[in-house]
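Spelled out, the chains give:
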Amino acid sequence: MRYTFFVDNILAVVANTLRDYKGKKLAVGVSGGRDSVCLLHAIVNCGEAEKSDVIAVHVNHGLREEADGDEAFVKEFCTAFGIKYVSFKADVKKESAEKGLTIEQAARNVRYGIFDRLLTAGETDVVLTAHHALDNAESVLMHIFRGSGLDGLCGMNNGRIVRPLLSVYPEEIERYVKANGLKFVTDKTNFMLDADRNFIRLKVIPLIEERYPSAVRAVNALSAESTGIKRYLDGEIDEALISLDGGAVVLSDKALSSPLAERYVRRAVSYFTLTDVTRDMVKAAAALVGKKSGAKAEMSCGVIAEKESGGIAFYIPREKYDGEKQVGLGANFIDGLAVDIEKSDKIKPENGNAVDLNAIEGGVLRFRRDGDLFTPFGGGSKKLKQYLIDKKIPRRLRDRIPLIARGNEILVIVGVEISDKVKVTADTRESAVITRRF
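Computed from a prediction, not measured in an experiment: that's the story for all the values here.

A. Spatial organisation of the layout of surface pockets. Roughly 620 Å³ of internal volume is contained in the second largest pocket. Along its surface, the second largest pocket is lined by 26 residues, and Gly246, Arg396, Leu397, Asp399 and Arg400 are the ones closest to its centre. Of the residues in the lining of the second largest pocket, the class split is 12 nonpolar, 3 polar and 11 charged.

B. Looking closely at the nonpolar core. Residues Ile10, Val14, Leu40, Ile43, Val54 and Leu128 are the most contacted members of the largest nonpolar core, which totals 36 residues. Secondary structure elements with two or more residues in this core: helix H1 (2-18), strand E1 (26-29), helix H2 (34-45), strand E2 (54-60), helix H3 (67-80), strand E4 (126-128) and helix H8 (170-179). Per-element tally for this core: the top contributor is H2, with 7 residues. Once residues within four sequence positions are removed from consideration, Leu40 is found in contact with Val28, Val30, Val54, Ala56, Phe77, Cys78 and Ile83. Leu260, Val265, Val269 and Ala285 belong to the second-largest nonpolar core, a separate cluster that totals 23 residues.

C. Fine view of the sheet that holds E4. Spatial strand order, E3-E2-E1-E4: 4 strands in an open sheet with parallel pairing. In this open sheet, the two edge strands, each paired with only one partner strand, are strand E3 (84-89) and E4. Adjacent strand axes in the sheet meet at a mean angle of 25°, parallel and antiparallel pairs treated alike. With 6 bridges joining them, E2 and E3 adopt parallel strand pairing.

D. A look at the packing of helix H6 (residues 133-146) against helix H10 (residues 215-235). Between H6 and H10, the least distance of the axes is 9 Å, while the angle of their chain directions is 75°. When the axis of H6 is compared with that of H10, the two are roughly perpendicular. For the pair formed by H6 and H10, the contact residues are Ala133, Leu134, Asn136, Ala137, Val140 and Leu141 on the first element and Val216, Val219, Asn220 and Ser223 on the second. Classifying every residue of the contact of H6 with H10 gives 7 nonpolar, 3 polar and no charged.

E. Local environment of the packing of aromatic side chains. Enumeration over the complete set of coordinates arrives at 5 aromatic pairs. Geometrically, the ring pair formed by Phe73 and Phe77 is tilted, given 6.1 Å between the ring centres and 35° between the ring planes. Remark: Phe77 and Phe73 occur in helix H3; sequence separation between them is 4 residues, near one turn of the helix. Through successive ring pairs, a cluster of aromatic residues spans Phe73, Phe77 and Phe81.

F. Just the pairing of E1, in detail. Burial of E1 is two-sided: the residues Leu26 and Val28 facing one way and the residues Ala27 and Gly29 facing the other way are all buried. Relative to E4, E1 runs parallel, the two sharing 3 bridges. Bridge pairing links Leu26 to Val126 in E4. Of the strand pairs in this sheet, E1 and E2 are connected by 4 bridges, and their pairing is parallel. Bridge pairing in E2 links Leu26 to Val54. In this fold, E1 hands off to H2, which returns the chain to E2; that crossover is right-handed.

Cut-offs used in this document
- Residues numbered from 1 in each chain as written.
- Predicted model: local features only at pLDDT ≥ 70, side-chain atom pairs only at ≥ 80, totals over all residues.
- Heavy atoms only, no water.
- 1 Å grid on protein atoms, 1.4 Å probe; cavity = no way out; pocket = protein on both sides within 12 Å on 5 of 7 lines; lining within 4 Å.
- Points joined across faces, edges and corners; volume = space filled by probe spheres on them.
- Nonpolar A, V, L, I, M, F, W, Y, C, P; charged D, E, K, R; others polar.
- Core = buried A, V, L, I, M, F, W, Y, C linked by side-chain atoms within 4.5 Å.
- Buried < 20%, exposed > 50% of the residue type's maximum accessible area, 1.4 Å probe, protein only.
- Helix = DSSP H or I, 4+ residues; strand = E, 2+ residues; numbered from the N terminus.
- Contact = heavy atoms within 4.5 Å.
- Pairing = 2+ DSSP bridges.
- Axes fitted to C-alpha atoms, helices over the stretch in contact; angles between N-to-C directions.
- Parallel < 35°, antiparallel > 145°, perpendicular 65-115°, else oblique.
- Phe/Tyr/Trp six-rings, centres within 6.5 Å; stacked < 30°, edge-to-face > 60°.
- Right-handed = clockwise from strand over helix to strand, strands pointing away.

Functional significance is not addressed by these values, which are geometric in nature.
Below is the structure:
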């Protein structure tokens, strides 16, 4: 009878969640472990989802000898239950080394990156994972110890991922699996203490529960209350103080001087990484207010906060591209950017949006270099660096503005201004308009 209670409880919890996604395409993260096997089985047996709407998503992190075997198990399990299945292989060690993350953080980023791609591509409407109540309590404690703020207290209640089992405890899942005779695989790395989450689960929580038996439930209650507070505060954010600019998220100085500064910083950093934003990062970003343009602070996962005129930009620096390409009519591509050069009817000389086509003949498309000179439309030669400073173009963008150059003479700063030396005159035979597409 106890088994029946736990089976019915899990089916009811999952069914209640899926009612909000009736008729939607559901992607379920399935590692092959006990929890994910339980969730997938409950989804297709709770009466609220058609098998045709469900797809199991397995990510092979390639970290263990058993990884390929786990992948094969998930495929076999899905085949037996008539569930669609897709798998992805990832180089988590490479991700960890390149971004300075722990293996645990890198694996999480890889998984959620795959989930995001599925959502963005429209291959699924919602992603579900099997995280449960103990997982949530572990997350809250881990965030507190790392110096997180309110978001950390919310645990796993954040983000686009749906977690139907978040109110369910491991003993309930264990009984569900036994009652249904479900097989699953065991990840031995879950018992290694070098991972923060494992240390908290295996060492910290058992010790706390010796003195406070209801500790995990108390932590989860605090998490639920914090989530409500977070949602209220996020509703108070002024979207006008946040802007997207050239691949960066820019917060106005006013945002970082407000009582909600932490909320704004977390919003900005979340555009680039799923890694927790700590209290120290928030303080470092807020400390840039009032400093000179160019002052920087490191966030996480390669994200930089940099002071600019009137605000702070959050972005991931891109390695400078030093190559060059000959320009011609039509589309010209350089390091992911496109510059279109299109013939136009002869335009009046005073129009600074068109160039004399013959004047740019032999020019190359490139980015800025030391020693570049520029003569703005109307005359008066100056160093390109000084021109860009005078135009108040942020430092992070200066190396990503396509230029048409001949030697160290800049003929066109694409999307900004043309040189007086290539302007349309009364003698111009052919003119062109130059635009940056992306």
